[in-house]
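The primary structure of each chain is shown beneath.
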Amino acid sequence: MTNNDLIKKAETVLNNNFKEDKGFTIPCEGLYPFQWNWDSGFIAVGFAHYDANKAKREVEALLSAQWENGFIPHIIFHNDSDTYFPGPEFHQSKLHPLASKSHRTTGMTQPPVLGFVLKEMYDIIEDKADILNFIKQNIDKVFNNHQHFYTHRDPNQEGLVFIYHNWESGTDNSPIWDDIWDTMDPPNYKFERRDTTHVDAAQRPTNREYDYYLHLIEIAKAHNYDEAKIAELSPFLVQDPLFNAMLIKSNAALIELYELIGDSEDKIKTLRQWQTKAITRFNEKLFNEKLGAYVHYDLRNEKQIEFLSSSSFAPIFADIPNEERAEIIVKTMMDKFGSEDRYLCASFDPDSDRFNPKKYWRGPVWINLNWLLFKGLKSYGFYDIANRVKDDSVQLIERYGFYEYFDSRKSVKENAGYGGNNFSWSAALLIDLLKC
Ligand code: GLC
């Protein structure tokens, strides 16, 4: 298939998932029928290449549900659907006094990609005056979102923000969380799963894992989603290297965009202060010498979570390591994840007994992480490895389709695409990969 044919297919996936009446794109039919936060950011990058209007509407639809305190939720329930659990009745975001009055949402967030997405849109869209005007109308909302993070999600005031739920990480059922689940003993909730009616249960979390997920939400709800209470009480309190890298990259993008706009000295100064503090602390606290990469930090139990995952390498997307450290983490990535019989980049350490090549974030390759790694590797001059990440991503999609995630083992030659099909960010980021 030519690249142009692939791009046309990707555009069809995106166009079919776009909901014209509300102006947003579902991640995929059935499995994910609403608007998801970081999905929308990646989707907007794809649209920017061929339909600037849809890219702008996507971002606007997400921001239309921003809370009065700057918080941007992880799912916006613009529409009704009975194909997904847990829906708006479960989350009850309106328990929080500053929750969106106009939209039903969840009371948790996702990796803050919007800042760098606006910068990507600026770089891609040809009509610079128009896109800059759009950015001017929206950039303060993203700034307010970052301010919210640093005010309410950083109890030590150290420049690193916490997540209180695995669904906030975006890497929803990574084995990273297993030790945290061992510290909890939630009730056996009565609920009806919907995901396993769309996708083989072997590729999804277990029912017991759902008990943990629901329990964390119940704790937050019991305190009306008050983040100070969550910081005090949630058994899940993690400083995630992927999440914090997204925030840092978005800070950097906001600085560049405010400079383009002009007349925003105070905000630039604040952003620079956040950056210096965040990058310094990130390197001190989240680097693991023994593993040769970044790891998650369990803030509740005050210890590093010593496992390698694709999140361990994502900081190269945000200019966080110095050159020497970048060499170390790329070497770790290639030694552990990069053998010739594997596609880059598995989401979890293939040598670990927790690795599962078919299950969600416990091993498969995800296109959004590959996209971040590709960009990061290129920016540090690792061109060959960057190209391998790109070629592997394109090959997987070309062979198996626009799946949500893929088997990293090259020995699996059929049906190696898993999870949802016609998945929006796989389509959107493929377009971007092929155009850069
Ligand atoms: C899955 C992923 C999450 C994504 C969501 C919608 O839950 O783990 O990162 O945002 O699907 O696509």
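Just above, that's the structure.
Residues numbered from 1 in each chain as written. Predicted model: local features only at pLDDT ≥ 70, side-chain atom pairs only at ≥ 80, totals over all residues. Heavy atoms only, no water.

1. Quick notes on the environment of Tyr84
Phase 1: Take Tyr84: it is sitting in the loop between strand 4 (75-77) and helix 4 (88-91).
Phase 2: Not counting residues within four places of it along the chain, the set of residues in contact with Tyr84 comprises Leu31, Tyr32, Pro33, Phe34, Trp36, Ile75 and Arg194. (Helix = DSSP H or I, 4+ residues; strand = E, 2+ residues; numbered from the N terminus. Contact = heavy atoms within 4.5 Å.)

2. Some remarks on the packing of aromatic side chains
Phase 1: A full pass over the atoms with the stated rule returns 41 aromatic pairs.
Phase 2: Geometrically, the ring pair formed by Phe313 and Phe337 is edge-to-face, given 5.2 Å between the ring centres and 90° between the ring planes. In this pair, Phe313 is assigned in the loop between strand 10 (303-305) and helix 14 (323-337) and Phe337 in helix 14, connecting sequence segments 24 residues apart.
Phase 3: Residue Phe337 is classed as buried on the basis of its relative accessible area of 0%.
Phase 4: Its end group placed over the ring of Phe90, Lys221 keeps NZ or CZ at 4.0 Å from the ring centre. (Phe/Tyr/Trp six-rings, centres within 6.5 Å; stacked < 30°, edge-to-face > 60°. Buried < 20%, exposed > 50% of the residue type's maximum accessible area, 1.4 Å probe, protein only. Lys NZ or Arg CZ within 6 Å of the ring centre and 35° of its normal.)

3. Considering empty space enclosed by the protein
By rolling a water-sized probe across the atoms, one finds the places where empty space is left.
Phase 1: By the definition in use, this model includes 4 cavities of 30 Å³ or more.
Phase 2: Its boundaries defined by the atoms lining it, the largest cavity holds a volume of some 240 Å³.
Phase 3: Along its surface, the largest cavity is lined by 24 residues, and Tyr32, Trp36, Asp172, Tyr360 and Glu404 are the ones closest to its centre.
Phase 4: The residue makeup of the lining of the largest cavity, split by class, is 16 nonpolar, 3 polar and 5 charged.
Phase 5: By volume, the second largest cavity is sized at about 70 Å³.
Phase 6: What lines the second largest cavity is Asn37, Ile72, Thr109, Gln110, Pro112, Val113, Leu114, Gly115, Val142, Asn145, His146 and Phe149.
Phase 7: Taken together, the elements giving at least two residues each to the lining of the second largest cavity come down to helix 5 (114-124) and helix 6 (128-152). (1 Å grid on protein atoms, 1.4 Å probe; cavity = no way out; pocket = protein on both sides within 12 Å on 5 of 7 lines; lining within 4 Å. Points joined across faces, edges and corners; volume = space filled by probe spheres on them. Nonpolar A, V, L, I, M, F, W, Y, C, P; charged D, E, K, R; others polar.)

4. Side note on the sheet that holds strand 5 (residues 104-105)
Phase 1: Taken together, the 3 strands give an open sheet; going across it, the order is 3-4-5, and neighbouring strands pair in antiparallel fashion. Unpaired on one side and paired on the other, strand 3 (35-36) and strand 5 mark the two borders of the sheet.
Phase 2: For strand 3 and strand 4, the ladder comprises 2 bridges, and the chain directions are antiparallel. Across the sheet, residue Trp36 finds its bridge partner in strand 4, namely Ile75. (Pairing = 2+ DSSP bridges.)

5. A look at the environment of Arg342
Phase 1: Mapped onto the elements of the fold, Arg342 is located in the loop between helix 14 and helix 15 (367-379).
Phase 2: Using a relative accessible area of 15% as the deciding quantity, one classes Arg342 as buried.
Phase 3: Expressed as a C-alpha distance, the spacing of Arg342 and Glu398, which sit 56 residues apart in the sequence, is 16 Å.
Phase 4: Every residue in contact with Arg342, bar those within four places of it in the chain, is listed here: Phe337, Pro350, Phe355, Arg388, Asp392, Ser408, Arg409 and Lys410.

6. Digging into unusual backbone geometry
Phase 1: A cis geometry characterises the amide bond from Phe85 onward to Pro86, with omega recorded as 0°.
Phase 2: By secondary structure assignment, the location of Pro86 is in the loop between strand 4 and helix 4.
Phase 3: Here the amide bond leading from Leu344 into Cys345 is cis, since omega sits at -5°, within 30 degrees of zero.
Phase 4: The backbone of Asn422 sits at a positive phi, close to 50°, despite the residue not being glycine.

Note that all results are geometric; they support no functional claim without further evidence.
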